[in-house]
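Commentary on secondary and tertiary structure
Letter by letter, the chains look like this.
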Amino acid sequence: MNEQAQFDCIIVGGGLAGSLLFFALKSQKPESKVLLIERDTLIGGNHTWCFHESDISCSQYHWIRKLISKSWSGYDVYFPNLDRSIDSPYHAIKSSDLHNKLTQHYADDILLDMEVVTFDKGSVTLRNGHCLKAACVVDARGWPQVKSPLGYQKFVGLDLKLKKNHDLQRVLLKDARVKQIDGYRFIYILPWANNELLIEDTYYSNSPILDMEEIKARILAYAQNMGLEVQDILRVESGCLPLVDSFSPSSDDHLRLGASSLEYQPVTGYSFPQTFKRVQALVELNHFNYEDWKQALMESAQKDRGQRMYFHLLNRMLFLAADPKNRYRVLERFYKLPLPLIERFYSGKLRGSDQLRILIGRPPVSVLRAIKSLFGR
Ligand SMILES: Cc1cc2nc3c(=O)[nH]c(=O)nc-3n(C[C@H](O)[C@H](O)[C@H](O)COP(=O)(O)OP(=O)(O)OC[C@H]3O[C@@H](n4cnc5c(N)ncnc54)[C@H](O)[C@@H]3O)c2cc1C
């Protein structure tokens, strides 16, 4: 690759957001000169990213499907007072697959193991001192420091190889029948193959502290309880996502995408649906121009503003009105609602009537605290 070349777009950060934009541009505008720069040796780090098919439009599904590692036709949720099977397609992308697919097809347009030390809207400076110029430089460097979150969605996941085949065909999205420790806790399972599973132990907690060894032991105990005999732990992943009740967009002139823009679903901490929308908005533009890209990102974010404010309010209910050990009851009530509403919740497309429906009725938390929580901390 000629490092002196002028690019249409340079993407700083080859995580989920940077890779999605890169892939969308390479597949939909093959003539464009796009460069993806990642400081690590692998694209995507060590993640399993999942999304509901209903999070995205048909046209988005059309281009993203080539990156999907595994799909399921539906999922189950279990709470102490609820067993529900939901038929709604669910997909996962393994970061290792993403790395292999992108490097196999576009190696010449990817710089790995290369940190960007500074950049502005038209150029980036690499660790080796080289300066590259582009019409649009996109900041996809991932999570910035988040100021005083209300709580955290934190988890440890183990990819397990089993001695014998299991009989799970569907995703186990939430098993909240487990002991409620450190806030709302649930187990999540992705059946990769007959003898391979990802089991994740998740906590909606007030604290960011993750005791990896303790949680690994809980996962293995859960597997044993299910009658699964573990042969090997193939991979470990973990995360701690800040859940907030306010949003202050950054005032610099970067074109921010993904977690770096802090535009994620505030209740789940997931950025997939919002990132998809922004990528689509950029790819629909027919040219590479900083002002137009900035405008497209702003307009797309503006459309999510009302949703975000509502999700902030839900977070207050969850973290301020509910006792940590009873937090699961808010979610148990939610999963009794009609499927289209649940799908619109995940995709961040709730209607006014959905927003009322989620809140009306007797809340499964103290009414006084629920009312107080609506007015902030
Ligand atoms: C383990 C885990 C699982 C998750 N699962 C889901 C999920 O299933 N669904 C969902 O919607 N969300 C999920 N999330 C939340 C969120 O979507 C992810 O954090 C997602 O990876 C954010 O994407 P991103 O591209 O913005 O940031 P990242 O994926 O973190 O990517 C940022 C990249 O930028 C690189 N970088 C940073 N600085 C530089 C620099 N100066 N130069 C070059 N490169 C740089 C980093 O090395 C990194 O690879 C998960 C989060 C975690 C931690």
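Just so we're clear, the structure is a prediction, and the values are computed from it rather than from any experiment. (Residues numbered from 1 in each chain as written. Predicted model: local features only at pLDDT ≥ 70, side-chain atom pairs only at ≥ 80, totals over all residues. Heavy atoms only, no water.)

Turning next to the overall build of the chain. Check the secondary structure of the chain and you find 11 helices and 17 strands. By the compact-globule yardstick of 21 Å for 377 residues, the chain fits well, its C-alpha radius of gyration being 21 Å. The principal-axis extents of the C-alpha atoms in the chain amount to approximately 60 × 50 × 35 Å. Every one of the 377 residues in the chain was classed for burial, and the buried ones make up 54%. Sequence-distant contacts, at least 24 apart, represent 74% of the contacts inside the chain between residues at least 6 apart. Counting only carbon and sulfur atoms, one obtains 50% of the accessible surface of the chain, whose full area is about 17000 Å². Averaging the positions of the 48 positive and the 43 negative side-chain charges in the chain gives two centres separated by 7 Å. (Helix = DSSP H or I, 4+ residues; strand = E, 2+ residues; numbered from the N terminus. Rg over C-alpha atoms; globule rule 2.2 N^0.38 Å. Buried < 20%, exposed > 50% of the residue type's maximum accessible area, 1.4 Å probe, protein only. Contact = heavy atoms within 4.5 Å. Areas by Shrake-Rupley, 256 points an atom, 1.4 Å probe, with all protein chains shown as cover. Lys, Arg positive; Asp, Glu negative; His and termini not counted. Charge placed at Lys NZ, Arg CZ, Asp CG, Glu CD.)

Strand order in this open sheet of 7 strands is β6-β5-β13-β14-β15-β12-β16, and the pairing throughout is mixed. Each edge of the open sheet carries a strand with a single partner, namely β6 (82-86) and β16 (230-243). Strand-to-strand, the axes of this sheet are offset by a mean angle of 15°, without reference to chain direction. Taken together, the 5 bridges between strand β5 (residues 75-79) and β6 define a ladder with antiparallel strand orientation. (Pairing = 2+ DSSP bridges. Axes fitted to C-alpha atoms, helices over the stretch in contact; angles between N-to-C directions.)

Before going further, it helps to spend a moment on the nonpolar core. Among the nonpolar cores identified, the biggest contains 41 residues, and L20, L21, I64, L102 and W293 are the most heavily contacted of them. Counting residues per element, this core draws most heavily on helix α1 (residues 16-28), at 8 residues. Setting aside residues no more than four positions away along its own chain, L20 makes contact with W63, I64, L67, F272, T275, F276 and V279. Among the nonpolar cores identified, the runner-up in size contains 38 residues, and A176, F186, Y310 and L318 belong to it. (Core = buried A, V, L, I, M, F, W, Y, C linked by side-chain atoms within 4.5 Å.)

Tallying each qualifying case throughout the model produces 21 aromatic pairs. Aromatic pair Y184 and F186: ring centres 5.2 Å apart, planes at 40°, arrangement tilted. When the centroid spacing of 5.4 Å and the interplanar angle of 85° are considered together, the rings of F311 and F345 count as edge-to-face. Here F345 lies in helix α9 (residues 339-347) and F311 lies in helix α7 (residues 305-321), a separation of 34 residues in the sequence. F345 carries the same exposure label as F311, and that label is buried. Members of the aromatic cluster, connected to one another through ring pairs, are F79, Y184, F186, Y204, Y310, F311, F319, F334, Y335, F345 and Y346. Directly above the aromatic system of W192 lies the positively charged group of K94, at a separation of 4.2 Å from the ring centroid. (Phe/Tyr/Trp six-rings, centres within 6.5 Å; stacked < 30°, edge-to-face > 60°. Lys NZ or Arg CZ within 6 Å of the ring centre and 35° of its normal.)

A separate point is the domain arrangement of the chain. Once the domains are mapped, the chain shows domain 1 (6-70 + 89-142 + 246-303), domain 2 (151-243) and domain 3 (305-374). Distance between the C-alpha centres of domain 1 and domain 3: 30 Å. At the junction of the two partners, domain 1 supplies 15 residues and domain 3 supplies 12 residues. Of the roughly 1400 Å² buried between domain 1 and domain 3, counting both surfaces, carbon and sulfur atoms make up 55%. Contact with domain 3 buries surface across domain 1, with S54, P266 and V267 losing the most and accounting together for 34% of the total. On the surface where domain 1 and domain 3 come into contact, there are 0 salt bridges. (Domains from an automatic or database assignment. Buried area = accessible area lost by both parts, 1.4 Å probe. Salt bridge = Lys/Arg side-chain N within 4 Å of Asp/Glu carboxyl O.)

As summarised here, the arrangement of the 3 strands in space is β3-β7-β4, forming an open sheet in which the pairing is antiparallel. Lying at the two open borders of the sheet, with one neighbouring strand each, are β3 (48-52) and β4 (70-72). When strand polarity is set aside, the average angle formed by the axes of neighbouring strands in this sheet is 20°. In this structure, β4 lies alongside strand β7 (residues 90-94), joined through 3 bridges in antiparallel fashion. Bridge pairing in β7 places W72 opposite Y90.

The topology assignment puts Q307 in helix α7. Overall, the relative accessible area of 12% leaves Q307 in the buried class. When neighbours within four sequence positions are excluded, Q307 is seen to be in contact with G348, K349, L350 and Q355.

Further remarks concern the site of the ligand. The immediate surroundings of the ligand are formed by 30 residues, with A17, E38, C50, A259 and S271 found nearest. At 2.5 Å, a side-chain N or O of S271 approaches an oxygen atom of the ligand. For the ligand, the protein covers 91% of the area, taking 970 Å² as the surface of the free molecule. Of all elements in the fold, only α1, β3 and β16 reach the threshold of two or more residues within the shell around the ligand. The leading source of residues in the shell around the ligand is β16, at 4 residues. Taken domain by domain, the makeup of the shell around the ligand includes at least three residues from each of domain 1 (6-70 + 89-142 + 246-303) and domain 2 (151-243). (Near = heavy atom within 4 Å. Polar contact = N/O pair within 3.5 Å; in protein donor to acceptor, adjacent residues only side chain to side chain.)

On the secondary structure map, L16 appears in helix α1. Residue class for L16 comes out buried when judged on its relative accessible area of 11%. Separated by 268 residues in the primary sequence, L16 and E284 place their C-alpha atoms 19 Å from one another.

Before going further, it helps to examine a nonpolar patch on the surface. A cluster of nonpolar side chains, contributed by I371, L374 and F375, occupies part of the molecular surface with about 330 Å² of accessible area. Tracing the backbone through its elements, the reader meets L374 in helix α11 (residues 367-374). Residue L374 is classed as partly exposed on the basis of its relative accessible area, which comes to 35%. (Patch = residues over 30% accessible without salt bridge, like charges linked within 9 Å, V, L, I, M, F, W, Y side chains within 5 Å.)

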